[in-house]
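Next come the chains, spelled out residue by residue.
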Amino acid sequence: MTDIVSPATGAPAVTRATRRDIGIKRRYAAERRFRAYGMAAISFGLIFLFLLLFSVVSKGYTAFQQTMITVPVEFSEKIIDPKNERATNPAKLMTANYPIIARDAVAKVLGVAPTDKAGLRSVNLLISDSVRTQLRDIVVADPAVIGTTRTVTLLASGDVDSAFKGQVDMSADEANRRISNQQLGWMNQLAESGQLAKHFNTGIFVNGNSSRPEAAGVGVALIGSFYMMMIVLVLSLPIGVAASIYLEEFAPKNRLTDLIEVNINNLAAVPSIVYGLLGLSVFINFMGFPRSASLVGGLVLTLMTLPTIIIATRAALKAVPPSIRAAALGLGASKMQTIFHHVLPLAMPGILTGTIIGLAHALGETAPLLLIGMVAFVANYPTTPMDPSTALPVQIYMWANEAERAFVERTSGAIIILLLFLIVMNVGAILLRRRFERRW
């Protein structure tokens with residue numbers, strides 16, 4: 001005989017419907033907690049992203065402005081070509097003492113006497129050493145300026161640039177800053193007359209690397225990155241797509257293809273510095289390619305990008321409905337025609353998206369390029385992929401290690417340029433997907 005246990009006296013009976021209501025409330029509470037955790041995680045990530053971008057932009061936006069001094073410059077024949085040899089020896093114009101010309105021009109505006117040696121030395125510190133190249137190029141391009149006076153906008157030194165942008169505490173003791181009180185007074189004098197002002201800094205986009213922060217730019221790094229991205233695109237896209245088509249559509253399913261697929265997935269997770277070691281041992285030590293060349297960098301980044309493109313392409317091919325293949329084969333198309341005339345065009349949005357994302361990943365890589373010597377100091381533009389060059393992320397790494405204060409804003413400015421390129425590439429991937437994507 002079964003005993004029936006009655007509830008304790010005074011305690012409410014727990015019915016099946018009550019238990020069901022309690023379970024539903026618990027599930028709803030768990031769902032609300034999960035949503036709250038998700039929103040907290042997203043908010044946490046957005047906060048740190050905002051702090052990162054704010055830190056970079058607040059330090060780097062000033063790099064797109066450069067302090068310059070506009071003064072009348074006398075291209076004295078006594079300094080440039082005292083023996084009048086430029087007709088027979090044009091190279092004479094390349095070796096003239098152009099910094100003295102710039103110094104004398106600024107000193108004349110400030111009222112510093114030619115006999116005041118200490119004053120002239122202080123004036124010289126207001127001007128960038130790169131005025132040598134600037135004035136030399138003017139004279140070489142038009143020797144007729146010799147003996148005339150032209151208004152020229154000269155680069156200010158890095159210390160003057162930092163001080164004029166408010167990056168130096170001028171209230172500190174004179175011994176603790178690199179701008180003296182006399183130089184500060186001259187800066188104020190030039191600023192009041194409008195001869196010292198900030199201009200848009202085109203040099204950061206076109207100049208090569210330099211030990212002087214005010215003359216340093218990412219022009220060489222941009223060309224090197226362009227060469228490498230072209231090499232990566234030309235090699236990785238056809239090879240990656242061909243490998244994906246074979247593995248997905250033609251390769252038999254056996255242990256060998258399974259091993260290949262596992263290795264491709266593993267290669268996508270290999271640290272990038274391993275590819276740098278591979279490039280150093282194979283392309284430089286074994287094959288004898290030159291160090292610091294864009295060709296070697298492009299080959300290393302191609303090896304690193306291939307797994308990403310293969311995985312993305314295979315996913316795009318799998319996303320094409322089997323009915324497309326069946327319909328094409330049913331109408332008499334060969335397997336090759338089915339793949340290249342029907343499947344591949346429909347998978348192209350995913351392929352292009354994966355390719356652009358892979359290129360964006362390769363554009364921001366630094367570690368493998370350091371191992372193949374692209375960290376070298378390169379000031380001249382590379383004309384071919386075989387010439388010494390550097391890359392944009394490597395240039396950022398090099399500037400971050402510089403001791404001068406003015407390189408801090410150059411580093412952040414280069415990061416902004418790199419982020420803009422990455423944003424453009426990722427937006428391009430999104431637009432391509434939306435433009436060509438078909439929903440089944």
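Residues numbered from 1 in each chain as written. Predicted model: local features only at pLDDT ≥ 70, side-chain atom pairs only at ≥ 80, totals over all residues. Heavy atoms only, no water.

1. Quick notes on the overall build of the protein chain
As a reminder, the rule being used: Secondary structure elements follow DSSP: runs of H or I no shorter than four residues count as helices, runs of E no shorter than two count as strands, and numbering proceeds from the N terminus. For this measure, only C-alpha atoms enter the radius of gyration; the expected value for a globule follows 2.2 Å times N^0.38, where N is the number of residues. Summary of the burial criterion: residues with accessible area below 20% of their type's maximum are buried, those above 50% are exposed, and those between are partly exposed, where the area comes from a 1.4 Å probe applied to protein chains only. It only takes one pair of heavy atoms within 4.5 Å for two residues to be counted as in contact. Lys and Arg are tallied as positive, Asp and Glu as negative. Neither His nor the chain termini are counted. Where a charge lies is defined by one atom per residue type: Lys uses NZ, Arg uses CZ, Asp uses CG and Glu uses CD.
Secondary structure summary: the protein chain contains 17 helices and three strands in total. The C-alpha radius of gyration of the protein chain comes to 33 Å, more than 25% above the 22 Å expected for a compact globule of 440 residues. By principal-axis analysis of the C-alpha atoms, the protein chain measures approximately 125 × 75 × 40 Å. Classification of the 440 residues of the protein chain by burial places 40% in the buried group. Taking contacts inside the protein chain between residues at least 6 apart in sequence as the whole, the part at least 24 apart equals 76%. Between the mean site of the 40 positive side-chain charges and the mean site of the 29 negative ones, the protein chain shows a separation of 12 Å.

2. Topic: the sheet that holds strand E3 (residues 196-200)
Two orientations exist for strands paired in a sheet by backbone hydrogen bonds: parallel and antiparallel. Rules: Here, strands pair whenever DSSP counts at least two bridges between them. Between the N-to-C directions of two axes lies an angle of 0 to 180 degrees, each axis being a line fitted to C-alpha atoms and, for a helix, fitted only over the stretch in contact.
If you trace the three strands from one edge of the open sheet to the other, you get E2-E1-E3, paired in antiparallel fashion. With partners counted over all chains shown, the strands left at the sheet margins are strand E2 (149-155) and E3, one partner each. On average, each strand axis in the sheet is inclined to that of its neighbour by 40 degrees, with strand direction left out of account. With seven bridges joining them, strand E1 (residues 65-74) and E2 adopt antiparallel strand pairing. Note that in E2 the partner of Pro72 across the bridge is Thr151.

3. Here's the deal with the packing of aromatic side chains
We apply this condition: Within 6.5 Å between ring centres, the rings of Phe, Tyr and Trp (the latter by its six-membered ring) count as paired, and their orientation is classed by plane angle as stacked under 30 degrees, edge-to-face over 60, tilted in between.
Counted under the stated rule, the structure contains six aromatic pairs. The interplanar angle of 20 degrees and the centroid separation of 6.1 Å between the aromatic rings of Phe50 and Phe54 together place this pair among those described as stacked. A residue pair is termed a helical-turn pair when its members lie 3 or 4 positions apart in one helix, as Phe50 and Phe54 do in helix H1 (residues 16-60) at four residues. One exposure class covers both Phe50 and Phe54, and it is exposed. Between the aromatic rings of Phe226 and Tyr227, the centroid separation amounts to 6.3 Å while the plane-to-plane angle is 50 degrees, which identifies the pairing as tilted. By relative accessible area, Phe226 is classed as partly exposed at 49%. Each residue in the set Phe64, Phe200 and Phe205 is aromatic and connected to the rest through ring pairs, giving one cluster.

4. Topic: the packing of helix H9 (residues 219-250) against helix H12 (residues 294-319)
The criterion, for reference: Helix crossings fall into two classes, left-handed where the near helix is turned counterclockwise from the far one by less than a right angle and right-handed where it is turned clockwise. The residue classification treats Ala, Val, Leu, Ile, Met, Phe, Trp, Tyr, Cys and Pro as nonpolar and Asp, Glu, Lys and Arg as charged. All others, Gly included, are polar.
At a minimum axis separation of 6 Å, H9 and H12 run at an interaxial angle of 35 degrees. Once H9 is placed against H12, the crossing between them reads as right-handed. Here the residues of the contact of H9 with H12 are counted per class, giving 19 nonpolar, ten polar and four charged.

5. Quick look at helix H4 (residues 117-124)
Here is the rule we go by: The arc refers to the directions leading from the helix axis to the C-beta atoms.
Every buried residue belonging to H4 is among Gly119, Leu120, Ser122 and Val123, and all of these are buried. For H4, the angular spread of the buried residues around the axis is 160 degrees, confining them to a single face. Opposite the buried face of H4, at more than 90 degrees from it, the exposed residues are Lys117 and Arg121. Residues of H4 that are buried sit in contact with helix H3 (98-110) and helix H7 (181-192).

6. Concerning the environment of Glu192
Take Glu192: it is sitting in helix H7. Under the relative-accessibility criterion, Glu192 is labelled exposed at 72%. Once the C-alpha coordinates of Glu192 and Tyr28 are considered, the two residues, 164 residues apart in sequence, prove to be 69 Å apart.

7. Quick look at the nonpolar core
The following threshold applies: We define the nonpolar core as a collection of buried residues of types Ala, Val, Leu, Ile, Met, Phe, Trp, Tyr and Cys that are connected through side-chain atoms lying within 4.5 Å of one another.
Core analysis: the largest hydrophobic core is formed by 42 residues, its most contacted members being Val218, Met228, Met229, Val296, Leu301, Leu369 and Ile372. Elements that contribute at least two residues to this core include exactly H9, helix H11 (272-286), H12, helix H14 (335-363), helix H16 (392-400) and helix H17 (406-436). If near-sequence neighbours (up to four positions away) are discounted, Met228 is found in contact with Ser294, Gly297, Gly298, Leu301, Leu369, Met374 and Ala391. One finds Ile80, Ile127, Val145 and Trp186 within the second-largest nonpolar core, a separate group that totals 34 residues.

8. A word on the confidence of the model for the protein chain
Here is the rule: On a scale of 0 to 100, pLDDT captures the predictor's confidence in every residue.
With 96% of its residues at a pLDDT of 70 or more, the protein chain shows a mean pLDDT of 87. Contacts from residues 1-6, a stretch scored under 50 in pLDDT, to residues over four places away or in other chains number zero contacts.

9. Let's talk about the side chain of Thr62
For the record, the criterion: Residues adjacent in sequence count toward polar contacts only when both atoms are side-chain atoms; beyond that, a polar contact is any pair of N or O atoms within 3.5 Å, and within protein one must be able to donate a hydrogen and the other to accept it.
Along the chain, the position of Thr62 falls in the loop between H1 and E1. Thr62 gets classed as buried once you look at its relative accessible area, which sits at 10%. A polar contact is formed between the side chain of Thr62 and the side chain of Gln167, at a distance of 3.2 Å. When neighbours within four sequence positions are excluded, Thr62 is seen to be in contact with Lys165, Gln167 and Glu409.

10. As for the pattern of salt bridges
Formally: Here, a salt bridge means any Lys or Arg side-chain nitrogen found within 4 Å of an Asp or Glu carboxyl oxygen.
Per the stated rule, a full pass over the model turns up eleven salt bridges. With a closest N to O distance of 3.7 Å, Arg136 and Asp137 form a salt bridge. For Asp137, a relative accessible area of 42% corresponds to the partly exposed category. In this structure, Arg410 and Glu409 form a salt bridge, with 3.0 Å as the shortest nitrogen-oxygen distance. Each member of the pair, Arg410 as well as Glu409, is classed as buried. In this structure, a network of salt bridges that share partners links the residues Asp161, Lys165, Glu409 and Arg410.

11. Quick look at the packing of H3 against H4
Formally: In this scheme, roughly parallel covers angles under 35 degrees and roughly antiparallel covers those over 145, while 65 to 115 is roughly perpendicular and the rest are oblique.
Interhelical geometry of H3 versus H4 gives an angle of 110 degrees and a closest axis separation of 9 Å. The angle between H3 and H4 falls in the class roughly perpendicular. Only Leu120, Val123 and Asn124 of H4 make contact with H3, whose side of the interface consists of Pro99, Arg103, Val106, Ala107 and Leu110. Looking at the contact of H3 with H4, its residues break down into six nonpolar, one polar and one charged.

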